[in-house]
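Structural description and commentary
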Amino acid sequence: NAGFIPYRCLISPDFPNLLVAGRSFSADGVASASVRVQASVMGLGQAAGVAAALCVKSNVNVSDVDITELRHILIEYGANFEP
């Protein structure tokens, strides 16, 4: 999975039910530098939005989102999963 941005980088460690998308996601300097372009940031926002909808639909916290379902929906919506 090299090249994939992990879902867990959207979860705020100090606020366990908060998703943080955009350039403020959690990453080290090297990873952050390679992801802060517009297309990647848009993908982070899309993933956070779909994950939030899944949380409401399934009545779960952000850390309990079904990642397989999240990924399936993002692919249906045209998200790019090419490494």
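Above this text sits the structure in question.
Attention in this report is confined to the structure presented alongside it.

Parameters and conventions
Residues numbered from 1 in each chain as written. Predicted model: local features only at pLDDT ≥ 70, side-chain atom pairs only at ≥ 80, totals over all residues. Heavy atoms only, no water. Helix = DSSP H or I, 4+ residues; strand = E, 2+ residues; numbered from the N terminus. Contact = heavy atoms within 4.5 Å. Areas by Shrake-Rupley, 256 points an atom, 1.4 Å probe, with all protein chains shown as cover. Buried < 20%, exposed > 50% of the residue type's maximum accessible area, 1.4 Å probe, protein only. Arc of directions from axis to C-beta. Polar contact = N/O pair within 3.5 Å; in protein donor to acceptor, adjacent residues only side chain to side chain. Salt bridge = Lys/Arg side-chain N within 4 Å of Asp/Glu carboxyl O. Core = buried A, V, L, I, M, F, W, Y, C linked by side-chain atoms within 4.5 Å.

Turning our attention to the overall build of the chain. Counting its secondary structure elements, the chain contains three helices and zero strands. If you take every contact in the chain between residues at least 6 apart in sequence, the share linking residues at least 24 apart comes to 45%. Total accessible area on the chain is roughly 5600 Å²; 54% of this is exposed by carbon and sulfur atoms.

Listed as buried for helix H3 (residues 67-76) are Leu70, Ile73 and Leu74. When H3 is viewed along its axis, its buried side chains cluster within an angular range of 100 degrees and face the same direction. Within H3, the exposed residues directed more than 90 degrees away from the buried face are Thr68 and Glu76. Where H3 begins, the side chain of aspartate 66 points an oxygen toward the backbone nitrogen of threonine 68, at a separation of 3.0 Å. Looking one or two places after H3, you find glycine 78, whose phi comes out positive at around 95 degrees.

The phi dihedral of asparagine 59 falls on the positive side, at around 55 degrees, and the residue is not glycine. Looking at the secondary structure, you find asparagine 59 in the loop between helix H2 (38-58) and H3. A relative accessible area of 71% places asparagine 59 in the exposed class.

To continue, consider the pattern of salt bridges. All chains considered together, the criterion is met by one salt bridge. For lysine 57, the salt bridge goes to glutamate 69, with nearest N and O atoms at 3.4 Å. With lysine 57 in helix H2 and glutamate 69 in helix H3, this pair connects stretches of sequence that are 12 residues apart. For lysine 57, a relative accessible area of 63% gives the class exposed.

Counting 17 residues, the largest nonpolar core has Tyr7, Leu10, Leu19, Val65 and Leu70 as its most contacted members. Looking at this core, the elements with two or more residues in it are H2 and H3. For this core, the element with the highest residue contribution is H2, accounting for seven residues. For leucine 70, the contacting residues outside a window of four places in its chain are Tyr7, Ala47, Val50, Ala51, Leu54 and Val65.

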